Amino acid sequence: RSRFAYVMQEDTLMGTATPREALQFSAMLRLPLGISKKIIDEKVHHMLVQLGLLSDPPDKEKDCADTRIGSALIKGISGGQK
């Protein structure tokens with residue numbers, strides 16, 4: 001069965017959070033209540049790699065999974081990375 005979600009065109013992400021934190025927050029809201037933190041972390045890691053925000057193995061020069069998302073007032077990742 002396919003799963004999909006609607007993505008707003010405006011940035012509604014918390015500017016002070018990182019992409020990793022944003023995905024963890026979303027996973028905790030969307031996944032069933034008994035899922036362990038370890039499984040959520042594994043799913044988030046896999047998603048970050050798929051999105052190109054984290055290399056496997058990690059490369060500090062290219063990775064932005066732990067960089068602030070940013071906003072109009074806070075410097076963060078680029079619009080394409082959002």
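Residues numbered from 1 in each chain as written. Predicted model: local features only at pLDDT ≥ 70, side-chain atom pairs only at ≥ 80, totals over all residues. Heavy atoms only, no water.

Q: What is the right way to look at the pattern of salt bridges in this model?
A: Taken as a whole and assessed by the stated rule, the structure comprises 2 salt bridges. Its salt-bridge partner being R20, residue D66 comes within 2.7 Å of it at the nearest N-O pair. Of this pair, D66 sits in the segment after α2 (37–50) while R20 sits in helix α1 (residues 19–30), and the two are 46 residues apart along the sequence. Take D66: its relative accessible area is 54%, and that puts it in the exposed class. Across the pair K37 and D41 runs a salt bridge whose closest N-O atoms are separated by 3.1 Å. (Salt bridge = Lys/Arg side-chain N within 4 Å of Asp/Glu carboxyl O. Helix = DSSP H or I, 4+ residues; strand = E, 2+ residues; numbered from the N terminus. Buried < 20%, exposed > 50% of the residue type's maximum accessible area, 1.4 Å probe, protein only.)

Q: Before we go on, may I ask you to explain α2 in this structure?
A: Along an α-helix, residues three or four apart share an orientation, since each turn contains 3.6 residues. The terminal C-alpha atoms of α2 lie 20 Å apart, and with 14 residues this matches the ideal 20 Å at 1.5 Å per residue to within 8%. Where α2 is concerned, the buried positions are I40, V44 and L48. End-on view of α2: buried residues confined to an arc of 70 degrees, all on one side of the axis. Exposed residues on α2 whose side chains face more than 90 degrees from its buried face are K38 and Q50. One or two steps after α2, the chain reaches G52, where phi turns positive at roughly 80 degrees. (Expected span 1.5 Å × (residues − 1). Arc of directions from axis to C-beta.)

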